[in-house]
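Descriptive structure summary
Each chain, written out:
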Amino acid sequence: MTAAPEAVELGRSRLTVRWPDAVVEWPASRLRAACHCGDCRSLRLAGRAPTGEGAELAGAEPVGQYALQLVFRDGHDRGIYPWDLLRTG
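The following paragraphs examine the structure supplied in this document. (Residues numbered from 1 in each chain as written. Predicted model: local features only at pLDDT ≥ 70, side-chain atom pairs only at ≥ 80, totals over all residues. Heavy atoms only, no water.)

**A closer look at the overall build of the chain**
Secondary structure assignment for the chain yields 3 helices and 6 strands. Along its sequence from the N terminus, the chain presents helices and strands in the succession β-β-β-α-α-β-β-β-α. Taking 2.2 N^0.38 as the reference for a compact globule, 89 residues should give roughly 12 Å; the C-alpha atoms of the chain span a radius of gyration of 13 Å, in line with that estimate. Along the three orthogonal principal directions, the C-alpha set of the chain runs to about 40 × 25 × 20 Å. The 89 residues of the chain split such that 31% are buried. Once local pairs closer than 6 in sequence are excluded, the contacts in the chain between residues at least 24 apart make up 40%. Surface summary for the chain: the accessible area is close to 5200 Å², and the carbon and sulfur share equals 48%. (Helix = DSSP H or I, 4+ residues; strand = E, 2+ residues; numbered from the N terminus. Rg over C-alpha atoms; globule rule 2.2 N^0.38 Å. Buried < 20%, exposed > 50% of the residue type's maximum accessible area, 1.4 Å probe, protein only. Contact = heavy atoms within 4.5 Å. Areas by Shrake-Rupley, 256 points an atom, 1.4 Å probe, with all protein chains shown as cover.)

Right, dumping it as structure tokens:
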């Protein structure tokens, strides 16, 4: 399991995660399209995966020591993004 990063910077269109040895930037659209919550998984199985087009970030909260829960401006707030995933870029 990857340890928490040094810093997380939330912008409307981008999430920047600062690690001791790297900086990883994630576009909001890519994060929204990569959501693994139950609703988004069901949409993928039905062939209607979220595209992430036009997604904007509204907030972020740590989940224990292992992940970040993101809130999008469209109200979607169920996705939990583990540090391991956010580290890969």
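**Considerations on the pairing of strand β1 (residues 7–10)**
Here β1 runs beside strand β2 (residues 14–19); their pairing, made up of 4 bridges, is antiparallel. Bridging from a neighbouring strand, Val 8 pairs with Val 17 of β2. Where β1 folds back on β2, the antiparallel hairpin that results is connected by 3 residues. (Pairing = 2+ DSSP bridges.)

**Overview of the pattern of salt bridges**
This structure, assessed with the given rule, holds 7 salt bridges. Where Asp 21 meets Arg 87, a salt bridge forms, and the shortest distance between an N and an O atom there is 2.8 Å. In this pair, Asp 21 sits in the loop between β2 and β3 (22–27) while Arg 87 sits in helix α3 (residues 83–88), placing the two residues 66 residues apart along the sequence. One salt bridge connects Glu 56 with Arg 73, and the closest N-O pair in it is separated by 3.8 Å. Residue Glu 56 is found in the loop between α2 (38–45) and β4 (57–63), and its partner Arg 73 is found in the loop between β5 (67–72) and β6 (80–82); the two are separated by 17 residues along the sequence. Judged by its relative accessible area of 30%, Glu 56 falls in the partly exposed class. (Salt bridge = Lys/Arg side-chain N within 4 Å of Asp/Glu carboxyl O.)

**Some remarks on the nonpolar core**
Looking at soluble globular proteins, one finds that nonpolar side chains tend to be buried together. One finds Leu 15, Leu 31, Leu 57, Leu 70, Phe 72, Tyr 81 and Leu 86 to be the most contacted residues of the largest nonpolar core, which totals 18 residues. Taken together, the elements giving at least two residues each to this core come down to β2, β3, α1 (28–33), β5 and α3. Once you skip the residues sitting within four places of it in the chain, Leu 70 turns out to touch Leu 15, Leu 31, Leu 57, Gly 59, Ala 60, His 76, Asp 77, Gly 79 and Tyr 81. (Core = buried A, V, L, I, M, F, W, Y, C linked by side-chain atoms within 4.5 Å.)

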